[in-house]
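# Breakdown of the fold
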Amino acid sequence: MFAAERRQLILEMVRANGAVSLRELARVVQTSEVTVRRDVRALEAEGLLDRRHGGAVLPGGFTRESGFPQKSHLSTAEKTAIADLAAGLVGEGEAIVVGAGTTTQELARRLARVPGLTVVTNSLLVAQALAHANRVEVVMTGGTLRGSNYALVGSGAEQSLQGLRVSRAFLSGSGLTAERGLSTSNMLSASVDRALVQAAAEVVVLADHTKLGSDTMFQTVPTELITRLVTDEPPAHDERAATELQALADQGVEITVAGAEAEPSGGEGPLPGRLPRRDMPLPGQRRTQPGGGPTGLGPQLRGAPVMGEGPGERARVADLRRR
């Protein structure tokens with residue numbers, strides 16, 4: 001494929017999806033990420049797109065929301081790894097809320113094996129993934145169906161969440177920055193996500209590395225209310241994503257990374273350019289107020305394991321705590 005053909009295809013993918021990772025672009029155009037990065041840089045110079053943390057987005061600073069058919073085919077391996085780790089946070093008999101999104105849908109498929117679980121959701125896709133789990137109770141919010149992501153939104157959804165209290169909220173979004181927190185491109189979706197946050201004692205954000213540093217129009221969860229981020233390991237060359245992760249950690253967000261490399265043996269410390277990491281998360285909350293609960297979130301809950309069990313487990317966990 002000639003450079004002009006590659007760049008035209010790259011531009012069409014970004015226009016169709018709003019944001020695409022370099023890894024995904026390289027796979028589609030069947031070339032290396034180095035070549036794709038060069039193409040993206042050339043397209044950015046022409047003002048046709050913007051480079052962002054290991055990917056490309058529509059020009060203008062804010063990414064727009066992709067439809068479900070496009071998002072379901074993006075970063076599938078990363079979403080699977082994130083969902084595997086996030087499922088390990090949920091224990092038997094818990095009550096949780098799960099927001100809309102393709103990553104939370106992957107999480108729901110794994111929660112079907114957790115006995116005695118109660119899942120409150122505004123997502124038809126999450127509910128569908130749990131529909132045949134005979135040991136899981138699914139509670140749907142009310143609201144108006146938003147067809148682009150199969151979610152229930154509006155005042156009906158928000159009112160049905162009033163007075164609810166659960167252990168954790170699992171949310172995704174369109175962008176995540178240390179400065180602004182989690183954000184999305186749709187006002188109605190953002191409003192429901194904020195209601196989901198109010199119902200939970202802990203907030204867990206599921207976001208692959210392509211969303212790190214991306215900022216979208218409507219804030220859903222400010223950084224100070226995010227208990228934990230579950231993400232995948234950014235590519236080695238993606239220093240900006242690593243910087244964003246460190247900034248989130250510095251603000252007290254616990255970071256759990258799928259696919260993180262183990263510490264070098266012999267007490268050498270972290271690899272150069274890598275974030276400090278631990279094999280398992282430290283117990284306890286990072287932000288407390290009188291009474292023992294995290295700020296604005298209610299009482300502190302018992303920590304949950306994050307590592308999957310069984311042979312062949314590929315994902316390792318990296319937890320960052322405030323220094």
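Quantities reported herein were computed from a predicted structural model and do not represent experimental measurements. (Residues numbered from 1 in each chain as written. Predicted model: local features only at pLDDT ≥ 70, side-chain atom pairs only at ≥ 80, totals over all residues. Heavy atoms only, no water.)

## Some remarks on the sheet that holds strand S15 (residues 254–258)
Taken in spatial order, the seven strands line up as S6-S5-S4-S9-S12-S14-S15 in an open sheet, and their pairing is parallel. The open sheet has two edge strands, strand S6 (136–140) and S15, and neither has a second partner. Strand-to-strand, the axes of this sheet are offset by a mean angle of 20°, without reference to chain direction. Inspection of the sheet shows strand S12 (residues 200–206) paired to strand S14 (residues 228–232) by three bridges, in the parallel sense. In the strand pairing of S14, Val 205 is matched with Leu 229. (Pairing = 2+ DSSP bridges. Helix = DSSP H or I, 4+ residues; strand = E, 2+ residues; numbered from the N terminus. Axes fitted to C-alpha atoms, helices over the stretch in contact; angles between N-to-C directions.)

## Points about the sheet that holds strand S11 (residues 181–184)
Taken in spatial order, the three strands make up an open sheet running S10-S11-S13, and their pairing is antiparallel. Of all strands in the sheet, those bounded by a partner on one side alone are strand S10 (175–177) and strand S13 (218–221). Looking at each pair of strands side by side, their axes are set apart by 35° on average, direction ignored. Where S11 lies against S13, three bridges are found, and the strand directions are antiparallel. Counterpart to Leu 182 in the pairing with S13 is Val 221. Across the sheet, helix H9 (residues 187–198) is in contact with S11 and S13; its angle to S13 comes to roughly 20°. (Contact = heavy atoms within 4.5 Å.)

## Digging into the packing of helix H2 (residues 22–29) against helix H3 (residues 33–45)
The interhelical angle for the contact between H2 and H3, taken along N-to-C directions, is 105°, at an axis separation of 9 Å. Taken together, the axis directions place H2 and H3 in an arrangement best described as roughly perpendicular. Of H3, the residues touching H2 (which contributes Leu 22, Arg 23, Leu 25, Ala 26 and Val 29) are Glu 33, Val 36, Arg 37 and Val 40. In terms of residue class, the contact of H2 with H3 is made up of six nonpolar, no polar and three charged. (Parallel < 35°, antiparallel > 145°, perpendicular 65-115°, else oblique. Nonpolar A, V, L, I, M, F, W, Y, C, P; charged D, E, K, R; others polar.)

## Brief notes about the nonpolar core
By size, the foremost hydrophobic cluster in this structure holds 31 residues, and its most contacted members are Leu 176, Val 205, Leu 212, Val 221, Leu 229, Leu 248 and Ile 255. Counting residues in hydrophobic clusters, the runner-up holds 24 residues, among them Ile 96, Ala 108, Val 114 and Val 126. (Core = buried A, V, L, I, M, F, W, Y, C linked by side-chain atoms within 4.5 Å. Buried < 20%, exposed > 50% of the residue type's maximum accessible area, 1.4 Å probe, protein only.)

## What to know about a nonpolar patch on the surface
Residues Leu 124, Met 140, Leu 145 and Tyr 150 make up a contiguous nonpolar surface patch of roughly 330 Å² in combined accessible area. Note that Leu 124 resides in helix H7 (residues 124–130). (Patch = residues over 30% accessible without salt bridge, like charges linked within 9 Å, V, L, I, M, F, W, Y side chains within 5 Å. Areas by Shrake-Rupley, 256 points an atom, 1.4 Å probe, with all protein chains shown as cover. Salt bridge = Lys/Arg side-chain N within 4 Å of Asp/Glu carboxyl O.)

## Considerations on the pattern of salt bridges
If you walk through the whole model with that rule in mind, you get twelve salt bridges. Between Glu 106 and Arg 110 there is a salt bridge, with the nearest N and O atoms lying 3.1 Å from each other. Taken together, the residues span about one helical turn, with Glu 106 and Arg 110 both in helix H6 (residues 102–111) at a distance of four residues. Residues Asp 215 and Arg 180 are paired through a salt bridge, measuring 2.5 Å at the closest nitrogen-oxygen approach. Of this pair, Asp 215 sits in the loop between S12 and S13 while Arg 180 sits in the loop between S10 and S11, and the two are 35 residues apart along the sequence.

## What to know about helix H10 (residues 239–250)
A rise of 1.5 Å per residue sets the reference length of H10, with its twelve residues, at 16 Å; its end C-alpha atoms lie 16 Å apart and thus fit the reference within 8%. Contacts from the buried residues of H10 go to S10, S14 and S15. In the segment just after H10, Gly 252 is the residue with positive phi, at about 100°. (Expected span 1.5 Å × (residues − 1).)

## Some details on the environment of Pro 59
Within the secondary structure, Pro 59 sits in the loop between strand S3 (55–57) and helix H4 (68–71). Put simply, Pro 59 and Arg 15 are 44 residues apart on the chain and 9.7 Å apart in space, counted from C-alpha to C-alpha. Discounting chain neighbours no more than four positions away, the residues touching Pro 59 are Gly 47, Leu 48, Leu 49 and Asp 50.

Don't take any of this as a statement about function, it's just geometry.
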